[in-house]
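Coordinate inspection notes
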Amino acid sequence: MYDIKKAIKGGRLQKMAASLLGVDFSTTSTKVVRLKRIKEELVLMGIDLLPAVDFGTEACRIELPRNITANYACLAYTGKSSVVRMVNALLSDEQTELPERKLRELLNVGDDYRVSATLAKKGQGRHDSSFLAAAIPEDDLHFLLSMFPSGPPAPASVEVAGLSFIPAFLNARGKECRGEAVCLIETGESASYFVFINEGVPALVGKFNFGGSTLREKVVQDLGVDDELAGTILTDSSINISTSMNDVMTPFLKQLSISKDFIERHQGCQISKVYVSGGTSLLPHWPSVVEQRLHAEVLPWSPFENIQYDHPDIVPEHLASQATRFAAAVGAAIGGFGES
């Protein structure tokens, strides 16, 4: 199983950290989970859904519920200006990292971004090596860290949500997909990420500024309803809105289809499964539209698979049906354990 490390680092974990918070600052809410590692098992110690944080205001100390406490927190966020990409470069036999200047050049960002990359596959001889790379604006990083000015939890890392959900998937379904090539799609309110994984190693990643809000705007336009009613219509399986969804999803799914064909040709594999997560994946028409365009089986998954529960009722009923929304938060914490 490939070990996805943090793509953007804002600190270091102490080696003995056995309990971590995963906090995902998404557009619509803040998802918080507390995980504990007991030998080789992960245990869910707490979960909560908090109001969203407005990055357009002055950063304030985040107030977390008392029942969700840990010394360290691994943070994830969407960030409209964040960048995620696979980059390729020629390395010497001794090299395993890219110089920061070269990484900025490959990501096409300046000094106002924090950049980092993890080696995904080392090239042999004259062949390029591939890196899973990301960049976030320094302003966003400072904003996030400012919400944790002192005392526990201390921020241990900051990363893009479009990468942090990968460890959650590998923990949940990694064994199931061993030796296969699969596509992951994480779609929230304002952004969508896709990841192609071949034999446990990321082969291609991408980001689109497309999400649930885009779909609601299309329904508002096509049916002449307000935003609230459009949201209700999207969640009603008895109303056929496949035409509207197809129209607005075409650019996103076209790019995915091209990427799928590229991976299959260049890596000699077949992608027959697409795993979907994120709040938008809960829409009843979503799986069928994706399946029709990508000609692959679409499967939901939960980030809490292969995670033990501290007690049976730790996940409230109103959150149990929304488990997929916590993929980035769970993945951020799991990634933290990977570095401890």
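Described below are features of the structure shown in this document. (Residues numbered from 1 in each chain as written. Predicted model: local features only at pLDDT ≥ 70, side-chain atom pairs only at ≥ 80, totals over all residues. Heavy atoms only, no water.)

**Here's the deal with the overall build of the protein chain**
From N to C terminus, the protein chain includes 9 helices and 14 strands. The C-alpha atoms of the protein chain give 20 Å as radius of gyration, which agrees with the globular expectation for 340 residues (20 Å, within 12%). With respect to the three principal axes, the spread of C-alpha positions in the protein chain is 55 × 55 × 40 Å. Per-residue burial for the protein chain yields a buried fraction of 55% across its 340 residues. Sequence-distant contacts, at least 24 apart, represent 69% of the contacts inside the protein chain between residues at least 6 apart. Entry remark: accessible area of the protein chain is about 16000 Å², with carbon and sulfur atoms responsible for 47%. (Helix = DSSP H or I, 4+ residues; strand = E, 2+ residues; numbered from the N terminus. Rg over C-alpha atoms; globule rule 2.2 N^0.38 Å. Buried < 20%, exposed > 50% of the residue type's maximum accessible area, 1.4 Å probe, protein only. Contact = heavy atoms within 4.5 Å. Areas by Shrake-Rupley, 256 points an atom, 1.4 Å probe, with all protein chains shown as cover.)

**Considering helix H6 (residues 242–267)**
The periodicity of an α-helix, 3.6 residues per turn, causes residues three or four places apart in sequence to face the same way. With 26 residues, H6 should cover 38 Å at 1.5 Å per step; its first-to-last C-alpha distance of 33 Å lies more than 12% under that length. Its maximal kink placed at Thr250, H6 deviates by approximately 60°, while the proline Pro251 follows within four residues. Every buried residue of H6 is accounted for by Ser244, Met245, Asn246, Val248, Met249, Phe252, Leu253, Leu256, Ser259, Lys260, Ile263 and Glu264. Structurally, H6 contributes buried residues whose contacts are with strand S9 (181–187), strand S10 (192–198), strand S11 (201–208), helix H4 (212–223), strand S12 (271–277) and helix H7 (286–294). Count one or two residues on from H6 and you reach Gly268, which has phi positive near 60°. (Expected span 1.5 Å × (residues − 1). Bend = angle between axes of the 7 residues up to and from the residue.)

**Some thoughts on the sheet that holds strand S5 (residues 83–89)**
The 3 strands lie next to each other as S5-S7-S6, forming an open sheet whose pairing is antiparallel. Each of the sheet's edge strands pairs with one partner strand only, and the pair in question is S5 and strand S6 (113–121). Across this sheet, the average inter-strand angle for adjacent strands is 25°, counted without regard to direction. Sheet topology places S6 next to strand S7 (residues 129–137); 8 bridges connect them, and they run antiparallel. Paired with Leu119 across the bridge in S7 is Phe131. The strands touched by helix H1 (residues 100–107) are S5, S6 and S7; relative to S5, the strand with the most contacts, the crossing angle is about 115°. (Pairing = 2+ DSSP bridges. Axes fitted to C-alpha atoms, helices over the stretch in contact; angles between N-to-C directions.)

**Topic: the packing of aromatic side chains**
On inspection of all chains with the given rule, the structure shows 10 aromatic pairs. Ring geometry for Phe304 and Phe326: centres 6.2 Å apart, planes at 45°, overall tilted. With Phe304 in the loop between strand S13 (297–300) and strand S14 (308–309) and Phe326 in the loop between helix H8 (317–320) and helix H9 (327–339), this residue pair connects regions lying 22 residues apart in the sequence. Phe304 sits in the buried class, given a relative accessible area of 5%. Here Phe326 falls in the buried class, since its relative accessible area comes to 1%. (Phe/Tyr/Trp six-rings, centres within 6.5 Å; stacked < 30°, edge-to-face > 60°.)

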